[in-house]
Amino acid sequence: MVVHQHRRRPGRAGEALRAAGVALAVTAMSGCGGGAGGDDRPPADAAAVVRGAADALAKTGSARARTAMEMATGGTRVTIRGEGGVDFKNRMGQLLVMLPTDVKGEDEHRPITELLVPGALYMKNRGAGVPADKWVRVDTTALADGNLVTGGATDPLVAAELLRGAQEVTYVGETEVAGTRVRHYRGTTDIGRAAGSASAEVRGALEAAAKGFSKDTVPFDVYLDEQGRLRKVRHRFTYVNNGVIDVSSTTLLYGFGTPVTVVLPASGDIYAGKIAG
């Protein structure tokens, strides 16, 4: 596996990363894979098919989403799960992200609400000294990972756009995802290449990730339906922060066409104080 190492970036961007983003993943760590079938003919250009997945989603409009981010380090493994919806036309989404029950030492805790919009991540119930009725806003273009791992869930829109840099793609075969017949592809994607081809709304986040990771190559497995729409994708990152953390980020899309409404918080509801690490 290729190790992706963040370079330290001084100033407010680095502070935002530590305070509002990586804390979610690192706190989780401190607190505690489809058969092929059929004899279908492979596509002539598997990489081109995978690179077009984001465009296919934009034509679809919207979908429901489930996310899972599994992190492993030092023999400890935790999974952060999310569920919500994404509006691919308007480039917005909303997720409820649930930390494992033992992360905070509590039997139950409220999920973190995340609003995903171009260039920003909003989080409510963030904790770490933030009042319960306030939101935290993070500039994703200032995060060294572009919010690929920061929020405990890879933005489904960014996960699809990341495939625009797909290379060395192999067609594995047909299988099923949630009862839907899909084609399974495996390969690597280049973050910098994806940023150069990405839609304007997510380009800044991917450009930040391309600069923040010492290596741009990210292995993936992706499953596309007969319309070329992304049904499932798993990216594998290796994150270096006070030790090596292997991150497997999975996005599952379903319920295409389901309306998704995202209402951004008023400016007075955004927390302006200092966020505890």
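Note that this is a predicted model, so its numbers are computed, not measured.

On to the environment of Trp135, then. Considering the arrangement of structural elements, one finds Trp135 in strand 6 (residues 135-139). We classify Trp135 as buried; its relative accessible area is 11%. As a C-alpha pair, Trp135 and Tyr271 span 136 residues in sequence and 5.6 Å in three-dimensional space. Look past the residues within four positions of Trp135 in its chain and what remains in contact with it is Thr113, Leu115, Tyr122, Met123, Lys124, Pro265, Asp269, Ile270 and Tyr271.

This paragraph deals with the pattern of salt bridges. Should their charged atoms come close, side chains of opposite charge can pair. Considering all chains together, one arrives at 12 salt bridges under this definition. In this structure, Arg164 and Asp55 form a salt bridge, with 2.8 Å as the shortest nitrogen-oxygen distance. With a gap of 109 residues between them, Arg164 in the loop between helix 4 (156-161) and strand 7 (166-177) and Asp55 in helix 3 (residues 53-60) connect regions that are remote in the sequence. By relative accessible area, which is 12% here, Arg164 ends up buried. Using a relative accessible area of 39% as the deciding quantity, one classes Asp55 as partly exposed. The residue Arg66 makes a salt bridge to Glu83 at a minimum N-O spacing of 3.8 Å. Of this pair, Arg66 sits in strand 1 (residues 62-73) while Glu83 is found in strand 2 (residues 76-87), placing the two residues 17 residues apart along the sequence.

This next bit is on the side chain of Arg234. Assignment of secondary structure puts Arg234 in strand 10 (residues 230-240). One buried charge, Arg234, has no salt-bridge partner; the nearest side chain with opposite charge is Asp221, at 5.0 Å.

A few words now on helix 3. Residue pairs three or four apart in sequence face the same way in an α-helix, which turns once every 3.6 residues. Among all positions in helix 3, only Ala53, Ala54, Ala56 and Leu57 are buried. Taken end-on, helix 3 shows its buried residues confined to a sector of 160 degrees, consistent with a single buried face.

Moving on: unusual backbone geometry. The phi torsion at Glu168 lies on the positive side, around 50 degrees, for a residue other than glycine. Owing to a relative accessible area of 68%, Glu168 belongs among the exposed residues under this scheme. In this model, Ala178 sits at a positive phi of 55 degrees, which is unusual for a non-glycine residue. For Ala178, a relative accessible area of 72% corresponds to the exposed category.

For the rest of this paragraph, the subject is the pairing of strand 2. Every regular strand shows the same layout, with side chains that alternate between the two sheet faces. Strand direction decides the pairing type here: strand 1 and strand 2, joined by 12 bridges, are antiparallel. By the bridge assignment, Glu70 is partnered in strand 2 with Thr79. Hairpin connection of strand 1 to strand 2: two residues between the antiparallel strands, including Gly74 at a positive phi of 55 degrees. As paired strands, strand 2 and strand 3 (residues 92-98) are joined by seven bridges and run antiparallel to one another.

Positionally, Ile270 belongs in the segment after strand 11 (244-254). Considered as a pair, Ile270 and Val136 are 134 residues apart in the sequence and their alpha carbons are 5.8 Å apart.

Another aspect to go through is the packing of aromatic side chains. Counted under the stated rule, the structure contains one aromatic pair. Plain terms: the ring middles of Tyr171 and Tyr185 are 5.4 Å apart, the flat faces sit at 50 degrees to each other, and that makes the pair tilted. Here the residue Tyr171 occupies a position in strand 7, and Tyr185 occupies one in strand 8 (residues 180-190), the gap between them amounting to 14 residues. Residue classification places Tyr185 among the buried residues on the basis of a relative accessible area of 2%. Its guanidinium or amino end placed over the ring of Tyr223, Lys232 lies 5.6 Å from that ring's centre, counting from NZ or CZ.

On to the nonpolar core, then. Within the largest apolar cluster, 58 residues are counted, with the highest numbers of intra-cluster contacts made by Leu148, Ile191, Leu206, Val222 and Leu230. Once you skip the residues sitting within four places of it in the chain, Ile191 turns out to touch Leu148, Leu162, Leu206, Ala209, Ala210, Phe213, Asp216 and Val218. Ranked by size, the runner-up nonpolar core spans seven residues in total, among them Val117, Trp135, Val260 and Val262.

Now for the confidence of the model for the protein. Low pLDDT means the predicted coordinates in that region are not meant to be read closely. Taken as a whole, the protein shows an average pLDDT of 82; of its residues, 79% reach a score of 70 or greater. The low-confidence segment residues 1-23, where pLDDT is below 50, has 64 contacts with residues more than four positions distant or belonging to other chains. Every residue in residues 25-38 is under pLDDT 50, and counting partners more than four places away or in other chains gives 32 contacts.

Taking 1.5 Å per residue, 13 residues should reach 18 Å; helix 6 (residues 200-212) reaches 19 Å between its end C-alpha atoms and fits that length. Within helix 6, burial applies to Val202, Ala205, Leu206, Ala208, Ala209, Ala210 and Gly212. The inward-facing, buried residues of helix 6 contact helix 4 and helix 5 (191-197).

Analysis parameters
Residues numbered from 1 in each chain as written. Predicted model: local features only at pLDDT ≥ 70, side-chain atom pairs only at ≥ 80, totals over all residues. Heavy atoms only, no water. Helix = DSSP H or I, 4+ residues; strand = E, 2+ residues; numbered from the N terminus. Buried < 20%, exposed > 50% of the residue type's maximum accessible area, 1.4 Å probe, protein only. Contact = heavy atoms within 4.5 Å. Salt bridge = Lys/Arg side-chain N within 4 Å of Asp/Glu carboxyl O. Lys, Arg positive; Asp, Glu negative; His and termini not counted. Arc of directions from axis to C-beta. Pairing = 2+ DSSP bridges. Phe/Tyr/Trp six-rings, centres within 6.5 Å; stacked < 30°, edge-to-face > 60°. Lys NZ or Arg CZ within 6 Å of the ring centre and 35° of its normal. Core = buried A, V, L, I, M, F, W, Y, C linked by side-chain atoms within 4.5 Å. pLDDT = per-residue confidence, 0-100. Expected span 1.5 Å × (residues − 1).

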